[in-house]
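# A closer look at the structure
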Amino acid sequence: EKKKNLQGKRLIVTAGATIEAIDPVRFISNHSSGKMGYAIAGELADRGACVTLVTGRTELPTPAGVERVDVLSAAEMYDAAVRAFEGSDGAVMCAAVADYTPDRVSDTKIKKCDGDMCITLRRTRDIAAELGAHKDGRLLVGFALETHDEQAHAEAKLEKKNFDFIVLNSLRDAGAGFRGDTNKVTFIDRTGREELPLLSKREVAERIAERIEEFFAE
Ligand code: C5P
């Protein structure tokens, strides 16, 4: 039994990959498993928070005590997250949201021909930046997955999206990133950085929850 330090707090967690349809049988997505976000949602609920998990398609069970909202596309996740953010105390943006989506979805299966084909992609909206622009002192935690210039990119996102802190994971670290049960992260905020050792995703979730408790204690 954990101390219920987040009792009375309403928190949103976004998790998993979005799916952008091309036609009825094909889509564009990414390798996110949702494990990190589900671990965070479960950890926050264990500490007494009322958690809404806005999730892309995953094979994971819903963590105990968490309200789950299933979405497919980036546009659906945007709507669900913006709606849930109203009346909440903050959000943890863990989802791997598509940055681009096909400009139109074909109603019928696209037939192949001998030549190449071209799909025009249009930018999706940035959910985190939208919540950050209407934050009003609420908590906003972001993630950054980078392959190079990690620190600089993460710091730029902290400002651009108005995060309180950002959890950086590098694909360069062994044991970090997609699908696995471990992660190696660095917390970055406006006062500095804290590099954590390789931990289970649940342990990373505990450390994130501790930081969130500190945010609300201040
Ligand atoms: O800019 P980038 O996608 O690298 O930023 C990652 C952070 O922004 C993550 O917290 C992710 O959940 C969030 N994000 C979002 N909506 C998008 C793109 C990213 O909430 N459309």
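Here's what I pulled together on the structure shown here. (Residues numbered from 1 in each chain as written. Predicted model: local features only at pLDDT ≥ 70, side-chain atom pairs only at ≥ 80, totals over all residues. Heavy atoms only, no water.)

### What to know about the site of the ligand
Every residue near the ligand is listed here: Met93, Ala95, Val97, Arg125, Asp126, Ile127, Ala128, Gly142, Phe143, Lys157, Lys161 and Phe163. Here a nitrogen atom of the ligand sits 3.0 Å away from a polar atom, N or O, in the main chain of isoleucine 127. One of the side-chain N or O atoms of lysine 157 is found 2.4 Å from an oxygen atom in the ligand. Summarising the interface, the protein chains cover 85% of the accessible area of the ligand, which totals 450 Å² for the free molecule. Counting only elements with at least two residues in the shell around the ligand, the list comes to α3 (127-133) and β9 (139-146). (Near = heavy atom within 4 Å. Polar contact = N/O pair within 3.5 Å; in protein donor to acceptor, adjacent residues only side chain to side chain. Areas by Shrake-Rupley, 256 points an atom, 1.4 Å probe, with all protein chains shown as cover. Helix = DSSP H or I, 4+ residues; strand = E, 2+ residues; numbered from the N terminus.)

### What about the sheet that holds strand β12 (residues 185-189)?
Pairing is mixed in the open sheet, where 8 strands are placed in the order β5-β4-β1-β6-β9-β10-β12-β13. Pairing within the sheet leaves two strands with one partner each, and these edge strands are β5 (66-70) and β13 (192-195). Taking each pair of neighbouring strands and ignoring which way they run, the sheet shows an average axis angle of 20 degrees. The sheet contact formed by strand β6 (residues 90-93) and β9 spans 4 bridges and is parallel. Looking at the pairing, methionine 93 lines up with glycine 142 of β9. Sitting on the sheet, helix α4 (residues 150-160) touches β9, β10 (165-170), β12 and β13, and the angle it makes with β10 is about 150 degrees. (Pairing = 2+ DSSP bridges. Axes fitted to C-alpha atoms, helices over the stretch in contact; angles between N-to-C directions. Contact = heavy atoms within 4.5 Å.)

### Comments concerning helix α2 (residues 74-85)
Its 12 residues give α2 an end-to-end C-alpha distance of 16 Å, which sits within 8% of 16 Å, the value for a rise of 1.5 Å per residue. Of all the positions in α2, only Ala74, Met77, Tyr78, Ala80, Ala81, Ala84 and Phe85 are classed as buried. A positive backbone phi angle near 80 degrees is found at glycine 87, which sits one or two residues after α2. (Expected span 1.5 Å × (residues − 1). Buried < 20%, exposed > 50% of the residue type's maximum accessible area, 1.4 Å probe, protein only.)

### What to know about the packing of aromatic side chains
Counted by the stated rule, this structure contains 2 aromatic pairs. With a centroid separation of 5.6 Å and 75 degrees between ring planes, the pair formed by phenylalanine 165 and phenylalanine 187 is classed as edge-to-face. You can see phenylalanine 165 sitting in strand β10 and its partner phenylalanine 187 sitting in strand β12, a full 22 residues away along the chain. As far as the burial class goes, phenylalanine 165 and phenylalanine 187 line up, both buried. When the centroid spacing of 5.1 Å and the interplanar angle of 85 degrees are considered together, the rings of phenylalanine 215 and phenylalanine 216 count as edge-to-face. Among the residues examined, phenylalanine 215 registers a relative accessible area of 23% and is labelled partly exposed. In this structure, arginine 123 packs its charged tip against the face of tyrosine 100, placed 5.6 Å from the ring centre. The ring centre of tyrosine 78 lies 3.8 Å from the NZ or CZ of arginine 125, which sits over that ring. (Phe/Tyr/Trp six-rings, centres within 6.5 Å; stacked < 30°, edge-to-face > 60°. Lys NZ or Arg CZ within 6 Å of the ring centre and 35° of its normal.)

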